[in-house]
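Structural overview
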Amino acid sequence: MVDPELGHNGTSMAGTGWVGSWMAAQQPVWDEHFPFPVGLPSVLENVTIRQFARLSLGGRRLRVVLSNTYGSVPVTVRAASVARAHGPDSAVETTPLVVTFAGEPSVTISPGNDRISDPVALPLSPLSTVAMSLYLPDTVRPQSFHWDGRSTALIGEGQQTDRAAFPVVTTTETRFLLSRILVEAPEHQGCVVAFGDSITDGNGVPVNTETRWPDFLAARLQTGRVSVLNTGISGNRLLRDGMGQSGLTRFSGDVLSHPGVRTVIVLLGINDIGMPGTPLAPDDPTVSAGELIAGYQQLITQAHDHGIRIIGATLLPFEGALSDTPFAGFWSPAKEQVRQDVNHWIRTAQAFDAVVDFDRLLCDPARSFRLHPVSDSGDHLHPGPEGYRRMADGVPMRDLLSE
């Protein structure tokens with residue numbers, strides 16, 4: 001049954017005042033042979049998982065979306081609740097409110113699908129944090145998740161959704177089931193989507209600090225009543241699947257399907273260049289600038305077909321990236337030349353509606369192939385909080401929201 005306030009894809013129709021305020025892009029869980037651990041228990045049973053999310057835009061009511069996008073079996077949530085929170089702690093600021101789905105406290109999410117909740121009356125200011133608690137009564141083997149959540153989730157035994165605090169058995173920094181939060185904000189001016197990889201997902205910042213560049217951008221946009229959706233996936237590539245489906249594949253679901261999207265900022269491609277020949281993609285062929293450019297042109301066409309403004313971001317410097325890790329070889333002079341060619345096209349081709357030059361904003365003037373030490377998290381690939389702040393401050397508002 002389709003909710004009268006929502007479209008067939010579970011998102012709000014124009015003019016209702018519902019808009020996405022937070023998101024965690026979904027990806028398939030990988031197997032034990034992948035170089036990175038999953039970071040989530042392989043089995044969840046009779047547990048409550050409490051996840052924290054900082055919204056971008058506030059509103060008078062909210063709805064949550066639970067996703068089983070890559071699951072092969074149904075997942076049942078017996079009870080759910082939401083509360084305001086100060087941050088990632090076992091205690092919440094307000095009494096948890098029951099979240100229902102089509103009037104029922106329990107919901108089963110079939111494979112490959114989402115379920116959206118009924119509205120919950122919980123007035124929230126911009127940049128508020130909410131705690132979402134889900135009780136999983138049956139054995140669940142996670143198959144769909146968001147790996148690099150940059151936020152501590154709490155897992156406790158039994159049904160704990162109605163409690164302000166509960167004994168914690170374990171924690172995780174991944175996201176499970178919770179994929180989107182919408183708010184009812186009748187005067188909102190739409191949303192901006194940040195589409196990218198780990199540099200958008202926030203790798204390089206301390207957990208629970210909300211210091212990714214989309215976080216800083218969300219704070220800048222509050223006076224304009226514009227939300228920001230972070231659809232970054234760490235390790236993501238534009239052209240090939242791996243850590244998440246390729247950017248070309250997921251662009252439709254993670255960008256085009258959202259209500260009220262005005263602009264998308266694309267920062268994706270450094271993993272296409274760097275991963276081949278490393279343990280992350282040992283057998284993949286090298287990628288040329290021409291292949292990446294063709295991929296960007298596909299995104300541009302799709303965005304314009306949906307009336308969405310698309311901003312291209314230059315790829316950041318990465319000389320020395322991961323050099324002291326098993327992934328040494330991520331950077332090479334040949335790979336650097338591909339980055340240079342791609343950035344030249346982004347700057348000069350006038351294919352995007354606008355360009356934000358993150359490369360020039362964050363490079364070291366003394367060695368332009370490297371991140372400036374002030375902006376570098378230390379691994380020479382990901383910025384730290386100061387670098388992310390500079391990125392957000394460097395996005396011109398006139399380009400971001402122009403008609």
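The coordinates are above.
Conventions we followed
- Residues numbered from 1 in each chain as written.
- Predicted model: local features only at pLDDT ≥ 70, side-chain atom pairs only at ≥ 80, totals over all residues.
- Heavy atoms only, no water.
- Helix = DSSP H or I, 4+ residues; strand = E, 2+ residues; numbered from the N terminus.
- Rg over C-alpha atoms; globule rule 2.2 N^0.38 Å.
- Buried < 20%, exposed > 50% of the residue type's maximum accessible area, 1.4 Å probe, protein only.
- Contact = heavy atoms within 4.5 Å.
- 1 Å grid on protein atoms, 1.4 Å probe; cavity = no way out; pocket = protein on both sides within 12 Å on 5 of 7 lines; lining within 4 Å.
- Points joined across faces, edges and corners; volume = space filled by probe spheres on them.
- Polar contact = N/O pair within 3.5 Å; in protein donor to acceptor, adjacent residues only side chain to side chain.

Here we take up the overall build of the chain. In terms of helices and strands, the chain carries nine helices and 22 strands. Taking 2.2 N^0.38 as the reference for a compact globule, 403 residues should give roughly 22 Å; the C-alpha atoms of the chain span a radius of gyration of 20 Å, in line with that estimate. Taking all 403 residues of the chain together, 58% fall into the buried category. Look at the contacts in the chain between residues 6 or more apart in sequence, and 80% of them connect residues 24 or more apart.

Put simply, the second largest pocket is a space of about 340 Å³. Around the second largest pocket, the lining is made up of 21 residues, and of these Thr69, Asp114, Gly253, Asp254 and Ser257 lie nearest the centre. At the level of secondary structure, the elements contributing two or more residues to the lining of the second largest pocket comprise strand 15 (178-184) and helix 3 (247-256). If one sorts the elements of the lining of the second largest pocket by residue count, helix 3 sits on top with four residues.

Let's shift gears to the environment of Thr94. Turning to its location among the elements, Thr94 is positioned in the loop between strand 6 (79-85) and strand 7 (97-98). Along the sequence, Thr94 and Ala164 sit 70 residues apart, while their C-alpha atoms lie 7.6 Å from each other. Other than its neighbours up to four places away in sequence, Thr94 contacts Ala83 and Arg84. A polar side-chain atom of Thr94 sits 3.0 Å from the main-chain amide nitrogen of Arg84.

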